[in-house]
Amino acid sequence: SHTKVLNDTVSLSGNLPVGKSTFRLDAKDTFGQSITQINGTYLVLNSNTSIYYVSTLGNDSSSGNLSSAPKQSIQSAISGAIPPAAIFIAVGEYSV
C-alpha cells in the first residue's frame with residue numbers, strides 16, 4: 001500500500017518504565033503486504049501521566065482524554081489537564 005497516515009496514535013499498556021525507550025513496528029496493510037519497518041522512541045513522563053488530545057475537529061466540551069474525542073483548543077486542554085499531564089496537539093492552525 002502507498003497510503004501514509006500521519007500522526008497515528010499507538011496506545012501502550014502494561015508496566016512501562018518511566019523514561020525514554022525504543023520501539024520497532026512491523027506491520028502489514030489490509031492486503032497482507034509488509035509495510036516498511038518503523039523504528040522510533042517514546043517517552044514515559046510519569047507512570048500516572050494523564051494524556052489529553054487537541055484537534056481542530058475536536059470539541060472543548062469533551063474531556064479530551066481520548067484521541068477519538070479531542071479538545072478543540074489548546075487553552076481548553078491546558079485548563080482541564082490534571083497534572084502530571086501530556087497534551088498531544090494534532091497538526092492544524094489554532095488561536096492562542
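See the structure printed just above.
Novice: Which parts of the structure should I look at to understand the pairing of strand 1 (residues 19–28)?
Specialist: Both faces of the sheet carry side chains from a regular strand, because those side chains alternate between them. With nine bridges joining them, strand 1 and strand 2 (residues 34–44) adopt antiparallel strand pairing. Residue pairing in the sheet places glycine 19 in a bridge with valine 44 of strand 2.

Novice: What am I meant to see in the packing of aromatic side chains here?
Specialist: The way to describe two aromatic rings as a pair is by their centre distance and the angle between their planes. A full pass over the atoms with the stated rule returns one aromatic pair. Their ring planes at 25 degrees and their centres at 5.8 Å tell us that tyrosine 53 and phenylalanine 88 sit as a pair that is stacked. In this pair, tyrosine 53 is assigned in strand 3 (residues 50–54) and phenylalanine 88 in strand 4 (residues 85–89), connecting sequence segments 35 residues apart.

Novice: Any chance you could explain a nonpolar patch on the surface here in plain terms?
Specialist: A surface patch of nonpolar side chains, amounting to about 240 Å² of accessible area, comprises Phe23, Leu25 and Ile38. Looking at the element boundaries, isoleucine 38 is found in strand 2.

Novice: Help me out: how do you make sense of unusual backbone geometry in this one?
Specialist: Excluding glycine, most residues fall at negative phi; most peptide bonds, likewise, are trans. A cis amide bond links proline 83 with the next residue in sequence, proline 84, at an omega value of -10 degrees. The topology assignment puts proline 84 in the loop between helix 1 (74–80) and strand 4.

What counts and how
Residues numbered from 1 in each chain as written. Predicted model: local features only at pLDDT ≥ 70, side-chain atom pairs only at ≥ 80, totals over all residues. Heavy atoms only, no water. Pairing = 2+ DSSP bridges. Helix = DSSP H or I, 4+ residues; strand = E, 2+ residues; numbered from the N terminus. Phe/Tyr/Trp six-rings, centres within 6.5 Å; stacked < 30°, edge-to-face > 60°. Patch = residues over 30% accessible without salt bridge, like charges linked within 9 Å, V, L, I, M, F, W, Y side chains within 5 Å. Areas by Shrake-Rupley, 256 points an atom, 1.4 Å probe, with all protein chains shown as cover. Salt bridge = Lys/Arg side-chain N within 4 Å of Asp/Glu carboxyl O.

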